[in-house]
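Topology and contacts: notes
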Amino acid sequence: MNAMFENKCDKTCEECPLLPKMREQHDKLMRATLFGDSEEVKRILDELVNRPMIDDIHIFSIPTPIYQIALFNQMVWDTSYWTDLKDEYQVIVPWMQQRTEQTLAVWRDFLGIEELPQPEYEKYTVDDFFCDNKDESDEEVLWAPKENFLKCGCREIDVDLYLATCRFEFDKVESLLQQGADPCTDLSYIEEDGSVQHLDTSYNRIEAEVVYLALELFPRYQKAQTDDIYSIEIDWRDYENILGLAEHVRMEKLFNKYEHLWNTEDAE
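Definitions and cut-offs
- Residues numbered from 1 in each chain as written.
- Predicted model: local features only at pLDDT ≥ 70, side-chain atom pairs only at ≥ 80, totals over all residues.
- Heavy atoms only, no water.
- Phe/Tyr/Trp six-rings, centres within 6.5 Å; stacked < 30°, edge-to-face > 60°.
- Helix = DSSP H or I, 4+ residues; strand = E, 2+ residues; numbered from the N terminus.
- Buried < 20%, exposed > 50% of the residue type's maximum accessible area, 1.4 Å probe, protein only.
- Axes fitted to C-alpha atoms, helices over the stretch in contact; angles between N-to-C directions.
- Parallel < 35°, antiparallel > 145°, perpendicular 65-115°, else oblique.
- Left-handed = near helix turned anticlockwise from the far one by under 90°.
- Contact = heavy atoms within 4.5 Å.
- Core = buried A, V, L, I, M, F, W, Y, C linked by side-chain atoms within 4.5 Å.
- Pairing = 2+ DSSP bridges.
- Salt bridge = Lys/Arg side-chain N within 4 Å of Asp/Glu carboxyl O.

Quick notes on the packing of aromatic side chains
Tallied over the full model, the rule gives 18 aromatic pairs. Relative to W107, the ring of Y67 has its centre 6.0 Å away and its plane inclined at 55°; by these criteria the two rings are tilted. One end of the pair, Y67, is in the loop between α2 (38-46) and α3 (68-76); the other, W107, is in helix α5 (residues 92-111), and 40 residues separate them in sequence. Side by side, Y67 and W107 carry an identical accessibility label, which is buried. Between the aromatic rings of F168 and F170, the centroid separation amounts to 6.0 Å while the plane-to-plane angle is 65°, which identifies the pairing as edge-to-face.

Structure follows, in structure tokens:
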């Protein structure tokens, strides 16, 4: 191998002598991007021996470049979204928001582009985060025939919103919200024995998962404020969790964008 290229490679081969170093850089780059350590991201990118390795983190059902972890962070770490956290968690948000922007700047500079391609959120599946598959029938998602809800006075537009929310069909959710669908409306039906069955509202379905994922992830970032990022115990689930949290935060932000249309109590 030419000395000029002895530590560089533009393809991946299972028998490549650089493979252990490539895997180490891959894992470190993912971790540094997850925790918004822009200096470490830049250091690793400057020493990168295999550029194609950054094109997929090899965790999700669709190819996901490592830089998109920073875009998941950008969706999540938003001071305008987190407004009622406990003090010990509230300080994490602006800290990570700033670190994320710095990390994104490093990635943009490395790739030589002004804007990074946004994640294709609707293409992720139940194998990647908590959602319903788009090929599942309405009855499977609702746990009952759709007609049961309509017979009890539920508006079809609100039932359709719940279905689109569970499937994370963002364009369809936005269209339904624009038409007046209410993510906070009660969805229920009566069983043959007279018992009433309730679904979570669309909003509660999203909010509950946001809380769960935040409780899973926030301690990791809290530790990153005081400790070396390589001392934090993480695994592949943490990357799934940051994707899941980004998906759910994005959905809740979409609900809030159209709150003036569905929150008639505040309007009055």
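A few points about the packing of helix α1 (residues 19-34) against α2
At a minimum axis separation of 8 Å, α1 and α2 run at an interaxial angle of 155°. For the element pair α1 / α2, the angle class is roughly antiparallel. Our pair here, α1 against α2, has a crossing hand that is left-handed. Between α1, through Q25, K28, L29, A32 and T33, and α2, the contact on the second element is made entirely by E40, V41, I44 and L45.

A short note on the nonpolar core
By size, the foremost hydrophobic cluster in this structure holds 73 residues, and its most contacted members are W82, W107 and Y221. If you list the elements that add at least two residues to this core, you get α1, α2, α3, α5, α8 (156-166), α9 (170-178), α10 (202-224) and α11 (236-257). In contact with Y221, other than residues within four places in its own chain, are L34, F35, N73, W77, I92, W95, M96 and I242. The next biggest cluster of nonpolar side chains, apart from the first, holds 12 residues, and it includes C154, V159, L163 and L199.

Quick word on the side chain of T165
Among the structural elements, T165 can be located in helix α8. Taking the relative accessible area as the measure of exposure, T165 reaches 0% and is therefore buried. T165 has contacts with V173, S202, I206, M251 and F255, leaving out every residue within four places of it along the chain.

Side note on the environment of E209
Position of E209 relative to the elements: it lies in helix α10. Considered as a pair, E209 and L245 are 36 residues apart in the sequence and their alpha carbons are 7.8 Å apart. Setting aside chain neighbours within four positions, we find E209 in contact with F130 and H248.

Regarding the pairing of strand β2 (residues 196-199)
Bridging between strand β1 (residues 187-190) and β2 involves four bridges; their strand directions are antiparallel. Opposite Y189, over in β2, you have Q197 as the bridge partner. Where β1 folds back on β2, the antiparallel hairpin that results is connected by five residues, among which G194 adopts a positive phi of roughly 95°.

Examining the pattern of salt bridges
The final tally for this structure, using the stated rule, is 14 salt bridges. Among the ionic pairs, K42 bridges to D46, the shortest N-O distance being 3.0 Å. Taken together, the residues span about one helical turn, with K42 and D46 both in helix α2 at a distance of four residues. Given the relative accessible area of 43%, K42 is considered partly exposed. The closest approach of N and O atoms between R167 and D138, which form a salt bridge, is 2.8 Å. Placement of R167 in the loop between α8 and α9 and of D138 in helix α6 (residues 138-142) is noted, with a sequence separation of 29 residues between them. On the accessibility criterion, R167 (7% relative accessible area) is buried. What makes D138 partly exposed here is its relative accessible area of 29%. Look at the salt bridges and you will find they share partners, linking E40, R43 and E47 into a network.

Read these as spatial facts, not as claims about activity.
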